[in-house]
Amino acid sequence: MFELVSSRLKCVGLSIACIVVAVSVLQSSLLAQAHQGLIASAQAPSSSSTTEAVPSEQVCHTRVNDTPEKLLECIQPSSLWNHLAHFQKIANEHKGSDGHGNRDTGTAGYKASVDYVAALMRQAGYHVTIQQYQYNASEVAGVPQFGAPDQSYALTRDWLVAQRSGGGTLTASIEPAGGSGEGCFLGDLARFVPGHIALLERGTCAYDAQVANAEKAGAAAVILYGPGNASPFPARLTRPATIPVVSVSYAVGSELLRRYTTVNPPTVHLDIRMRPRSGVDYNVIAESPFGDKNHVVVVDAHLDSIYGAGMLDNASGSTTILEIALNMAKTSTRNQLRYIWFGGEEIGLFGSAYYTTNLSSAERKRIAFDIDMDVTATLNFDMWIADPAFAYNVSQFPKNVVPQSKVGNQFFKDFFNSIGVVSQSASFGNSGTDSNSFALIGIPDSGILTRQDCCKEQSEVAIWGGFLGNYEGTVPGNDGGCVDYPNRWCDNLSNNDPFVFGLASKASAYVTLKLANHVFKAAQP
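A quick note: this is a predicted structure, and the numbers were derived from the prediction, not measured. (Residues numbered from 1 in each chain as written. Predicted model: local features only at pLDDT ≥ 70, side-chain atom pairs only at ≥ 80, totals over all residues. Heavy atoms only, no water.)

(A) Representation of unusual backbone geometry. Following Asp-313, the chain continues into Asn-314 via a peptide bond in cis, with omega recorded as 5 degrees. Residue position: Asn-314 is located in helix H8 (residues 311-327). Between Val-475 and Pro-476 the backbone carries a cis peptide bond, its omega angle lying at -5 degrees. Here Pro-476 shows up in the loop between strand S20 (469-470) and helix H14 (498-516). (Helix = DSSP H or I, 4+ residues; strand = E, 2+ residues; numbered from the N terminus.)

(B) Main features of the state of the cysteines. Taken as a whole and judged by the stated rule, the model has four disulfides. Between Cys-60 and Cys-74 runs a disulfide, and the two sulfur atoms are separated by 2.1 Å. The sign of the S-S torsion, about -80 degrees, decides the handedness of the disulfide formed by Cys-60 and Cys-74: left-handed. With a gap of 14 residues between them, Cys-60 in helix H2 (residues 57-62) and Cys-74 in the loop between helix H3 (68-73) and helix H4 (77-93) connect regions that are remote in the sequence. Across the pair, exposure class does not vary: Cys-60 and Cys-74 are buried alike. (Disulfide = S-S within 2.5 Å. Buried < 20%, exposed > 50% of the residue type's maximum accessible area, 1.4 Å probe, protein only.)

(C) Inspection of helix H5 (residues 108-123) at higher detail. Between its first and last C-alpha, H5 extends 23 Å over 16 residues, near the 22 Å set by a 1.5 Å rise per residue. Gly-125 sits one or two positions beyond H5 and adopts a positive phi of about 105 degrees. (Expected span 1.5 Å × (residues − 1).)

(D) View of the side chain of Thr-319. Mapped onto the elements of the fold, Thr-319 is located in helix H8. Residues within four places of Thr-319 in sequence aside, it is in contact with Leu-80, His-83, Leu-84, Phe-87 and Phe-501. (Contact = heavy atoms within 4.5 Å.)

(E) Structural view of the pairing of strand S11 (residues 267-272). Here strand S4 (residues 145-148) runs beside S11; their pairing, made up of three bridges, is antiparallel. Its bridge partner lying in S11, Phe-146 is registered against Leu-270. (Pairing = 2+ DSSP bridges.)

(F) Here's a closer look at the packing of aromatic side chains. For the structure on display, the rule yields 16 aromatic pairs. Seen from their ring centres, Phe-415 and Phe-416 are 5.5 Å apart, and the 75 degrees between their planes marks the pair as edge-to-face. The exposure classification of Phe-415 matches that of Phe-416, with both residues buried. Through successive ring pairs, a cluster of aromatic residues spans Tyr-126, Tyr-339 and Trp-341. One Lys or Arg, Arg-202, reaches over the ring of Phe-233 and ends 4.3 Å from the middle of that ring. (Phe/Tyr/Trp six-rings, centres within 6.5 Å; stacked < 30°, edge-to-face > 60°. Lys NZ or Arg CZ within 6 Å of the ring centre and 35° of its normal.)

By themselves these figures say nothing about function.
Right under this line is the structure:
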């Protein structure tokens, strides 16, 4: 059950009416039945007519949608929700040994998701390729342990093992970083005692940078903590750590810091055993028959889930680009459109990393732009643009990426400005999204995110309404949401908001059409 009664948009301009959505759903099935009447049609910036009948799905899929007006009226709530519900059905029909349905990388549920998307795209007339690759990851073996001599901390409630953590069994003293306490700069750990466990505050840099600096300083392990979070936050590394890395709740982190500053450095015990995980994974690549193949616009989303059905993260984004593709199937464009559903995103951006690093020089130069849709239907939403200028690893991007990405960022802003909705650049840029893989090889990019996990702050509530705390899951609440927490199994159909889903999908369609017909001045370097 969720209950979310709030003003969905603080201010909406003339193109769509100001909407108040009151949703109280006792069962997830009721939400699926109720979606039809919840979304107003957000028209294109230049559209003034709201009285004409909405075309049928069949009409939309077979006509030429070559203007924003035509395309946006075909991004319809019923079709979006039907595809999302089908992904839920796939998860339900492919249960793991734990009894829960999932679409994770390496599972039958993921392969069924691949087959579903590929079949629809072939039927629509796209040239579809299933790109197969081998992934090598790691996972926790057994039950990890973390505690102090006088206290044992509970997994999930008090702490989590970071994605791509190293393994090890050790007992050592903790030591915070100097300076800001974040360890974002090697100098923060200049006086660090090798063999100690680094206690680092959640910083303004990537987790990878914090962990890498701790490793260089000789830390035996890393404990990450953040301000104000009741639950430990999921720390997702994109490179494998050589030492154990855990995240803890604010209560645990602040208590360890207090002990360090008031008594002798506290000693903690960690026992984390990791085992390799490998297998075959798949990317779905669908190319339009139209447009200049020397100027390709990639439209991507990741298809895999984590810890369950993955309806918000990221069946929502996968559905968004699927609906755009089906409604653009008969539309000729200046540039070729290439839609990609990536695998392995949740366990380390494996699918997009494989795709981008295996492009030939000539293939890379033909890709003019990438647009990523990663979570497009958040209950307690923000509207954030994945501007690579703010990525944690922006210093690793070729110099053309940030300036050439502005056109895509601006198209997102133009759409939202035209209907009076505020959008902002994500403070973490495109970090953790598949578009980051494109930026690393010099391809400009943008994208949309409506947020996940926790915690929405007062400044965000002032802009978009809603509640402090969780972006999804229990709203209001501050337990971290459904998406990235093991053993919750609640990222299901009811974890998506139909109104936000429709609005973010329309914005994505608008930007796709604009970039599909944009005149790119030069090929990528």
